[in-house]
Amino acid sequence: MLTSTGTVRVGLDIGGTKIDGVALGPGEEVLATRRSPTPHGVVDVVACATALVTGLLDDLAGGLAGGLAGPVRLEGVGIGVPGLVDPADGTVRSAVNLGFGPGPVDLAGMLSVAVGGVPVVVENDVKATTWGAHTLLAPAGDLALLSLGTGLAAGLVVNGELLRGAGAAAGEIGHLALDPQGHRCNCGQRGCLETVAAGSALRRDWPHGGEGRSADHLFAAVAAGDPAAVAVLDRWSAGVALAVRTLGLTFDPSVVVLAGGVAAVGEPLRRSVAGALRRQAAGSAFLRGLALDERLALLPPGRPVAAIGAAAAPA
Ligand SMILES: [Zn+2]
């Protein structure tokens, strides 16, 4: 619970459809949560984010009336956003899902002014989720998180630090171009890993079940024994397994977390990717020895992991 000083950090996960907010105590425990639909455009997103921060502080002030000592002091705010983030100055570019323009948006600066001048740190959403996973799972070794959404990207915590790289491209393994004859990728290359193993690739090859439901539909069809569904899932899982092998052989993390929209499927997804890893390792004692299939993990369901990571991420 709150310490006597009542210092809290707020994390916001600003997604294309909703904004999750959490208030974290000094021990990174979740004290309060709120959620709001995401409005469109910079001004309305900042107003909504401001309302979530003040709402979370109001929730805690209500808790103080129940006997907790000391005023609530907001130490800082962390934000996770889907876009290109410059962590040095908190600007965001290309957050098209939020209705932001192509130029840099000073999200950190605007929110900081709106909430009374506390420090605001902005992080890419995959990196925020990665830090949240590291906070919640507390693995013994390094952690990799593979985000399977519209795109495919990895986040990495190495020696207890979030890896960013010289050009903020660390973990962008979705754009490993593997097949010169493959599908054209949004990045301009052809045959990127993302074009065979992202959630969008799964939707392209299994366009059933409605918007955002194709993974659920595919796994249900596989469970019902549909051979076409089995073929699509086997091919897609092989692509995801290749992404896991890439992470395994580059960083040798102790845990590889499967995350992103498709991971809402849960355990059947983990089993399918683990099976693909075992098939790919069948002819290689070297790969079998790494036991990458045993390193796969899922995020705890129902937890606002990206918001927790945004709040807990080091400035
Ligand atoms: Zn690409």
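Description of the structure in this document.

Parameters and conventions
- Residues numbered from 1 in each chain as written.
- Predicted model: local features only at pLDDT ≥ 70, side-chain atom pairs only at ≥ 80, totals over all residues.
- Heavy atoms only, no water.
- Helix = DSSP H or I, 4+ residues; strand = E, 2+ residues; numbered from the N terminus.
- Rg over C-alpha atoms; globule rule 2.2 N^0.38 Å.
- Buried < 20%, exposed > 50% of the residue type's maximum accessible area, 1.4 Å probe, protein only.
- Contact = heavy atoms within 4.5 Å.
- Areas by Shrake-Rupley, 256 points an atom, 1.4 Å probe, with all protein chains shown as cover.
- Lys, Arg positive; Asp, Glu negative; His and termini not counted.
- Charge placed at Lys NZ, Arg CZ, Asp CG, Glu CD.
- Donors = N, O, S within 2.8 Å, 3.2 Å for Na, K, Ca; no water.
- Tetrahedral: all angles 85-135°; square planar, octahedral: opposite > 155°, others 65-115°.
- Axes fitted to C-alpha atoms, helices over the stretch in contact; angles between N-to-C directions.
- Parallel < 35°, antiparallel > 145°, perpendicular 65-115°, else oblique.
- Nonpolar A, V, L, I, M, F, W, Y, C, P; charged D, E, K, R; others polar.
- Arc of directions from axis to C-beta.
- Pairing = 2+ DSSP bridges.

For the protein chain, the helix and strand inventory stands at 10 helices and 12 strands. Over its C-alpha atoms the protein chain spans a radius of gyration of 20 Å, differing by no more than 12% from the 20 Å that the globule rule assigns to 315 residues. If one aligns the C-alpha atoms of the protein chain with their principal axes, the spans along those axes are about 60 × 40 × 40 Å. Put simply, the protein chain has 315 residues, and 49% of those count as buried. Taking the intrachain contacts of the protein chain between residues at least 6 apart in sequence as the baseline, contacts between residues at least 24 apart amount to 59%. When the accessible surface of the protein chain is split by element, carbon and sulfur atoms take 55% of a total near 13,900 Å². Looking at charge distribution, the protein chain has the averaged site of its 22 positive side-chain charges lying 6 Å from that of its 27 negative ones.

Within the first shell, the zinc ion binds the protein through H175 (ND1), C185 (SG), C187 (SG) and C192 (SG), at distances of 2.1 to 2.4 Å. Considering all four donor atoms around the zinc ion, the spread of angles at the metal, 103 to 127°, places the coordination shape in the tetrahedral class. For the zinc ion, the single-chain donor residues occur in sequence as H-x9-C-x1-C-x4-C. Note on C187: relative accessible area 38%, which makes it partly exposed.

Another aspect to go through is the packing of helix 3 (residues 125–137) against helix 10 (residues 305–312). At a minimum axis distance of 7 Å, the contact between helix 3 and helix 10 shows a crossing angle of 90°. The angle between the axes of helix 3 and helix 10 places the two elements in the roughly perpendicular class. Contacts from A128, T129, W131, G132, A133, T135 and L136 of helix 3 reach helix 10 at V305, A306, I308, G309, A310 and A312. Considering only residue class, the contact of helix 3 with helix 10 consists of nine nonpolar, four polar and no charged.

What follows is about helix 6 (residues 214–223). Residues of helix 6 that are buried: S214, A215, L218, F219 and A221. Along the axis of helix 6, the buried positions cluster into a sector of 160°, meaning they face one direction only. Buried residues along helix 6 sit against helix 5 (199–205), helix 7 (227–251) and helix 8 (267–280). One or two residues past the end of helix 6 sits G225, with phi positive at roughly 90°.

Within strand 8 (residues 143–148), six of the six residues are buried, leaving the element largely enclosed by the surrounding structure. Side chains L143, L145 and S147 project from strand 8 onto one buried face, and the interleaved A144, L146 and L148 project onto a second face that is buried too. Here six bridges tie strand 8 to strand 9 (residues 152–158), and the two strands are oriented antiparallel to one another. Paired with L148 across the two strands is L152, which belongs to strand 9. Between strand 8 and strand 9, which follow one another and run antiparallel, lie three residues. In this sheet, strand 11 (residues 255–259) lies alongside strand 8 in parallel orientation, the contact comprising five bridges. Following the sheet pairing, L145 is matched in strand 11 by V257.

On to the sheet that holds strand 1 (residues 7–14). The five strands lie next to each other as 3-2-1-4-7, forming an open sheet whose pairing is mixed. The sheet terminates laterally at strand 3 (30–37) and strand 7 (120–124), the two strands that pair on one side only. Mean inter-strand twist for the sheet, computed between neighbouring axes without regard to direction, equals 20°. The pairing of strand 1 with strand 2 (residues 18–24) spans six bridges and is classified as antiparallel. Residue G11 lies in a different strand from strand 2, and its bridge partner there is V22. Strand contacts of helix 2 (residues 107–114): strand 1, strand 4 (73–81) and strand 7, with the helix running at about 145° to strand 7, the strand carrying the most contacts. Of the strands in this sheet, strand 4 and strand 7 are in contact with helix 3, which crosses strand 7 at around 100°.

Another aspect to go through is the sheet that holds strand 8. With respect to topology, five strands assemble into an open sheet ordered 10-9-8-11-12, the strand pairing being mixed. Looking at strand neighbours, the two that pair on one side only are strand 10 (161–162) and strand 12 (296–298), the edges of this open sheet. Of the pairings in the sheet, the one linking strand 11 to strand 12 comprises three bridges and is parallel in character. When the sheet's bridge partners are listed, V257 is paired in strand 12 with A297. On the sheet, helix 3 packs against strand 8, strand 9, strand 10, strand 11 and strand 12 and is oriented at approximately 130° with respect to strand 8. In the packing of helix 7 onto the sheet, contacts are made with strand 8, strand 9, strand 11 and strand 12, and the angle to strand 8 comes to roughly 155°.

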